[in-house]
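Residues per chain, in single letters:
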Amino acid sequence: MKTLIKNGLIINHDSSKKANILIENDKIVKITDEILEADKIIDAKNMLVMPGLIDMHVHFRDPGYEYKDDINSGSECAVAGGVTTALPMANTNPVNDNAAITRDMIQKAKRRGLIDLLPIGAISKSLKGEGITEMGDMISAGAVAFSDDGLPVSSSDVMRAALEYSKHFGSFVISHCEDCSMCRSGVMHEGKVSAILGLKGMAREKEEIMASRDMLLAKLTGGHIHIAHVSSEYSLKLIKRAKEDGINVTCEATPHHFSFTDECLMDYNTNFKMSPPLREESDKLAIRKALKDGLIDVIATDHAPHNVDDKFTEFDKASFGILGLQTLIPLTLKLVEEDVIDLNDMVRLTSFNPAKILNLKNKGEIKEGFLADITIIDPNLEYMYDEFLNKSKSLNSPLLGKKLKGIAFITIKSGKIVWEYPDFIA
């Protein structure tokens, strides 16, 4: 089976050019100015042709919370958002803390056949933070990194062991940076807005303290620490210093943290309630600058579906989390439109760097011989992000019902079209 993508603007992390792409079976076999014969021809005129996006931080809620989302619906959200590789976190029920669950998650995704699912294994058994999991067994089963995301690892000794063992297996640790002793039952960022609303706040320092500790432990062990969902301006200063000192640290930012601030909570909209919380304008601007400067390595969605009952309640009781997979492209393209980053940066942050961090040799670039994981984006299409377009079982996005610009028009996984707008291939 041969597929030709013609007339598109190919965007890689280091180059942009108009050319045609010939796909044979699951590989990119030729990039050329010629119009070649093919069984299927896709006209990508006026569109951007990017490597399939790689989301290093999602929650598919499977096993255990399938009423919120599951691996099938999560995969459908992913490809509708241009994501061809996704890394689900381990805070499922039961927790993904053993090889059997890791294998089962991968098999479910293979049966659906839309994405490559690369599970994140738990650092500690049952996320209790009391001792590390059998990392070697989980890596053999297909786990690619380790995190207790949703909860911090409070014990420095356990985190040290996780960094040592993950390094031994050529893997790394993803840190949910939160000093729980400082949470104080907070439900949003501690600042002017929380005072006005009368809601308990969470200080930036609860993130900064734990980020500091984990980077110091990476310094001690030589292990690789990846700081998840950075939300604080000072956290970025700490990460910059650690990188300058040669500590093996990478980090990610989410679209909601570079797009919104705590002022969005003035009407108590629980769909803006998340952890870490939306912070102040200065933090948002610092994240944007760090994306532009290359300090932040990855954009990841932290896609966190919740049932309507989890959100349609008093603010204090509402769950933390926001949908993210299908709004990744429009929110990131808005950064491009506002000259914060360029299109090459977008590929670097959403595909090339994740592939490099994960040591995925045949992904992250549109290149001859690479896997044909490709996202064709219409950057100018304006549309309503509504319940018909939303592929999640959940509705917890403040952008639902809003007009967005820019969408994955066609998503190709291993040479196969797995999503096409507006035909809604499921």
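Residues numbered from 1 in each chain as written. Predicted model: local features only at pLDDT ≥ 70, side-chain atom pairs only at ≥ 80, totals over all residues. Heavy atoms only, no water.

The name that an unreviewed UniProt entry assigns to the protein chain is Dihydroorotase, with the source organism given as Campylobacter ureolyticus ACS-301-V-Sch3b. According to the UniProt record, the Sequence similarities (unreviewed entry) comment for the protein chain is "Belongs to the metallo-dependent hydrolases superfamily. DHOase family. Class I DHOase subfamily." In the Catalytic activity (unreviewed entry) part of its UniProt record, the protein chain is described as follows: "(S)-dihydroorotate + H2O = N-carbamoyl-L-aspartate + H(+)". (UniProt positions renumbered as here; feature names shortened; annotations may be inferred.)

Q: Help me out: how do you make sense of the packing of helix α6 (residues 205-221) against helix α7 (residues 233-244) in this one?
A: To describe two helices that pack against each other, one gives the angle between their axes and the distance between the axes. Look at α6 against α7: their axes get within 9 Å of each other, and the N-to-C directions meet at 15 degrees. Here α7 runs roughly parallel to α6, going by the angle between their axes. As α6 packs across α7, the resulting crossing turns out to be right-handed. When α6 is examined against α7, the residues E207, E208, S212 and M215 are found in contact with a partner set consisting of Y234, S235, L238, I239 and A242. Of the residues in the contact of α6 with α7, the class split is five nonpolar, two polar and two charged. (Axes fitted to C-alpha atoms, helices over the stretch in contact; angles between N-to-C directions. Helix = DSSP H or I, 4+ residues; strand = E, 2+ residues; numbered from the N terminus. Parallel < 35°, antiparallel > 145°, perpendicular 65-115°, else oblique. Left-handed = near helix turned anticlockwise from the far one by under 90°. Contact = heavy atoms within 4.5 Å. Nonpolar A, V, L, I, M, F, W, Y, C, P; charged D, E, K, R; others polar.)

Q: I'm lost on the sheet that holds strand β8 (residues 116-117) in this one. Help?
A: Strand order in this open sheet of three strands is β6-β7-β8, and the pairing throughout is parallel. Bordering the open sheet on either side are β6 (53-58) and β8, each of which pairs with just one other strand. (Pairing = 2+ DSSP bridges.)

Q: Any chance you could explain the domain arrangement of the protein chain here in plain terms?
A: How big an interface is tends to be stated in terms of the accessible area lost upon association of its parts. Domain assignment breaks the protein chain into domain 1 (2-49 + 370-420) and domain 2 (52-358). Summarising the inter-unit geometry, the C-alpha centres of domain 1 and domain 2 are found 25 Å apart. The junction of domain 1 with domain 2 conceals about 3000 Å² of combined surface from both sides, 62% of it contributed by carbon and sulfur atoms. Ranking the residues of domain 1 by area buried against domain 2 places H13, K393 and N396 at the top, with a combined share of 23%. Our count for the domain 1 to domain 2 interface comes out at two salt bridges. Of all the elements in the fold, those that place two or more residues in the side of domain 1 that touches domain 2 are β17 (374-385), β18 (402-413) and β19 (416-420). Sort the elements by how many residues they give to the side of domain 1 that touches domain 2 and β18 lands first, with eight residues. A breakdown of the residues in the side of domain 1 that touches domain 2 according to their chemical character gives 18 nonpolar, 12 polar and seven charged. (Domains from an automatic or database assignment. Buried area = accessible area lost by both parts, 1.4 Å probe. Salt bridge = Lys/Arg side-chain N within 4 Å of Asp/Glu carboxyl O.)

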